[in-house]
Amino acid sequence: MNLNTICAAVCALGILLAAPVFSSATLCTSDTSAKPYRLRVGQMGTSIKASMVILAHQLGYYREEGLDVSLEQIAHLNDGISAITFGKLDILPMGVIPTCSFVAQGAALTVFGGTIAEGSACVSLPARAEEFSSLEGFRGKTIACVRPETGHMMMKAALRKAGIALSEVRFVELPNFQAVVEAVRKKTVDVGFVNSGFELNAQIQGLAVPFPVAKYAPDAPCCRQTASRAAVERDREPYVRFQVANLRAMKTMLEDPALTVETLAAYSGQNPNYVKYCIYDSVMKISMDPRKARVVEFYQTMKDNGDIRADTPFRMEDAVDDTIYKEALTRLLKRYPNDEHLTRMRNAAE
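Residues numbered from 1 in each chain as written. Predicted model: local features only at pLDDT ≥ 70, side-chain atom pairs only at ≥ 80, totals over all residues. Heavy atoms only, no water.

Novice: So what about the state of the cysteines? Which residues, and what values?
Specialist: On inspection of all chains with the given rule, the structure shows zero disulfides. Free of any disulfide, Cys 145 has its nearest neighbouring cysteine sulfur in Cys 122, separated by 12 Å. (Disulfide = S-S within 2.5 Å.)

Novice: I'd like a description of the packing of helix α6 (residues 151-161) against helix α13 (residues 292-305), backed by residues and values.
Specialist: Viewed as axis vectors pointing N to C, α6 and α13 meet at an angle of 65°, and their least axial separation amounts to 9 Å. As the angle between them shows, α6 and α13 are arranged roughly perpendicular. Where α6 crosses over α13, the handedness of that crossing is left-handed. Contact residues: Met 153, Met 154, Lys 156, Ala 157 and Arg 160 in α6; Phe 298, Thr 301, Met 302, Asp 304 and Asn 305 in α13. In terms of residue class, the contact of α6 with α13 is built from five nonpolar, two polar and three charged. (Axes fitted to C-alpha atoms, helices over the stretch in contact; angles between N-to-C directions. Helix = DSSP H or I, 4+ residues; strand = E, 2+ residues; numbered from the N terminus. Parallel < 35°, antiparallel > 145°, perpendicular 65-115°, else oblique. Left-handed = near helix turned anticlockwise from the far one by under 90°. Contact = heavy atoms within 4.5 Å. Nonpolar A, V, L, I, M, F, W, Y, C, P; charged D, E, K, R; others polar.)

Novice: Could you give an account of the packing of helix α10 (residues 237-255) against helix α14 (residues 323-335), with specific residues and numbers?
Specialist: Packing of α10 against α14 leaves a shortest axis separation of 8 Å and a crossing angle of 55°. Here α10 lies oblique to α14, going by the angle between them. In this structure, α10 meets α14 at a crossing whose hand is right-handed. Where α10 approaches α14, its residues Glu 237, Tyr 239, Val 240, Arg 241, Gln 243, Val 244, Leu 247 and Arg 248 are matched on the opposing element by Ile 324, Tyr 325, Glu 327, Ala 328, Leu 329, Arg 331, Leu 332 and Arg 335. Among the residues making up the contact of α10 with α14, the classes are represented as nine nonpolar, one polar and six charged.

Novice: So, the pattern of salt bridges: which residues are in play, and what are the values?
Specialist: A complete count under the given rule lists 28 salt bridges for this structure. Between Asp 339 and Lys 251 there is a salt bridge whose closest N-O contact spans 2.3 Å. Here Asp 339 is found in the loop between α14 and α15 (340-348), whereas its partner Lys 251 is found in helix α10, with 88 residues between them in sequence. Between Lys 326 and Asp 322 there is a salt bridge, with its nearest N and O atoms 3.6 Å apart. What emerges from the salt-bridge pattern is a single network uniting Arg 236, Glu 237, Arg 241, Asp 321, Glu 327 and Arg 331. (Salt bridge = Lys/Arg side-chain N within 4 Å of Asp/Glu carboxyl O.)

Spelled out as structure tokens, the structure:
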């Protein structure tokens with residue numbers, strides 16, 4: 001079933017107002033007798049892309065904030081957004097393209113937090129790295145990408161801005177980042193874009209990284225946290241607590257790298273050195289800030305690229321709530337008033 005069919009079915013059934021399963025009781029973390037709010041959060045295998053969600057879950061921060069969080073397996077990001085609209089999932093902490101695509105077709109969704117900013121990198125054969133160090137090098141080329149990855153969409157915008165029409169390049173969508181690497185290595189494409197720290201895998205396999213996409217789109221949104229708009233409007237409390245726990249995980253990430261890497265490596269089965277690279281050294285920037293203005297800009301980029309209808313009547317401005325993140329920061333700063341990391345996040349919030 002394609003995206004249009006799913007959205008049409010959702011709208012026809014009128015079930016976009018599905019609410020998450022949680023109690024309406026007001027909790028505090030010291031009241032262990034109260035029933036916790038239950039939240040079902042989308043997860044793909046043992047991926048650590050939503051690393052702070054995994055860290056908060058594994059270290060018990062959700063439980064301490066009065067939440068009962070279960071990580072529910074989904075096959076694809078579109079499946080996750082569909083599950084939210086059908087009331088089978090409460091939060092999807094990955095992807096932004098499916099969220100924007102569904103909003104453009106009328107889905108009542110809310111982006112209330114961030115996960116990753118930037119995160120994308122260009123990969124090429126070493127001998128061609130210099131060729132792709134400027135946008136002019138892309139003219140007339142075949143470019144491999146993965147549909148849910150934001151970097152190639154930001155690059156479409158950068159190419160257009162540089163005066164290179166999209167008709168002058170050919171984007172080829174492949175099923176995963178390893179397929180992109182293979183296509184570049186076998187010279188079936190000229191260049192490619194990867195995400196999620198996969199540029200390290202590409203380099204291990206002999207490719208070069210001419211540039212991170214952040215060179216042309218600094219602080220571009222990658223994965224966001226998405227929920228049902230009606231559920232958020234009905235009761236914000238569990239979402240604020242969810243964000244408090246995620247921010248606590250960020251505090252741990254910044255202050256205790258050893259525990260962070262150990263926990264995520266144990267969960268994912270990945271080599272600790274690779275986990276360390278993904279969290280601390282890759283082109284991904286971990287942030288819980290939804291960055292409303294950036295998401296709205298990205299929505300417009302998708303319109304301009306032809307990835308969603310340019311004449312859609314549905315506005316992304318109505319689908320991003322940054323007050324939950326700000327409230328979570330305020331609460332946590334009351335616990336840690338002199339915390340430099342939290343203070344910096346508060347000062348940077350839009």
